[in-house]
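# Analysis of the macromolecular model
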Amino acid sequence: MEFNLFIEKIANQFDDTDASEITADTEYQELDEWSSLTAMSIIAFVKTEMGKTITGREIRYAKTVKDLYNLIMAK
């Protein structure tokens, strides 16, 4: 998956945050609506749309959207 599409898909996991606020450098865990439910949503998205498995621990380790993308693509 190309990075721009990944950003768009990640932005879709945040209902109350405007998609334009999500960039490569966004520290997604710092967004007001970040929660364990959002993390579960990202895990499900990665599994269903990218065919890869990530854990909650890996999500916590990644700080920015770019970090998360790189982590997933390295699998």
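Predicted model, so just to flag it, every value in this text is computed and none were measured.

What counts as what
Residues numbered from 1 in each chain as written. Predicted model: local features only at pLDDT ≥ 70, side-chain atom pairs only at ≥ 80, totals over all residues. Heavy atoms only, no water. pLDDT = per-residue confidence, 0-100. Helix = DSSP H or I, 4+ residues; strand = E, 2+ residues; numbered from the N terminus. Phe/Tyr/Trp six-rings, centres within 6.5 Å; stacked < 30°, edge-to-face > 60°. Buried < 20%, exposed > 50% of the residue type's maximum accessible area, 1.4 Å probe, protein only. Lys NZ or Arg CZ within 6 Å of the ring centre and 35° of its normal.

### Quick notes on the confidence of the model for the chain
Put simply, the chain has an average pLDDT of 96, and 100% of its residues get 70 or more. The spread of mean pLDDT over the elements of the chain runs between helix α3 (residues 56–61), the lowest at 94, and helix α4 (residues 65–73), the highest at 97.

### Focus: the packing of aromatic side chains
Tallied over the entire structure, the rule returns six aromatic pairs. Judged by centre distance (4.9 Å) and plane angle (65°), the rings of F3 and Y69 are edge-to-face. Of the two residues, F3 is situated in helix α1 (residues 3–11) and Y69 in helix α4; the sequence distance between them amounts to 66 residues. A residue is classified by how much of its surface remains accessible, and F3, at 18% relative accessible area, is buried. By relative accessible area, Y69 is classed as buried at 11%. One aromatic cluster in this structure is built from F3, F6, F45 and Y69. A cation sits over an aromatic face here: K66 above F3, 4.4 Å from the ring centre.

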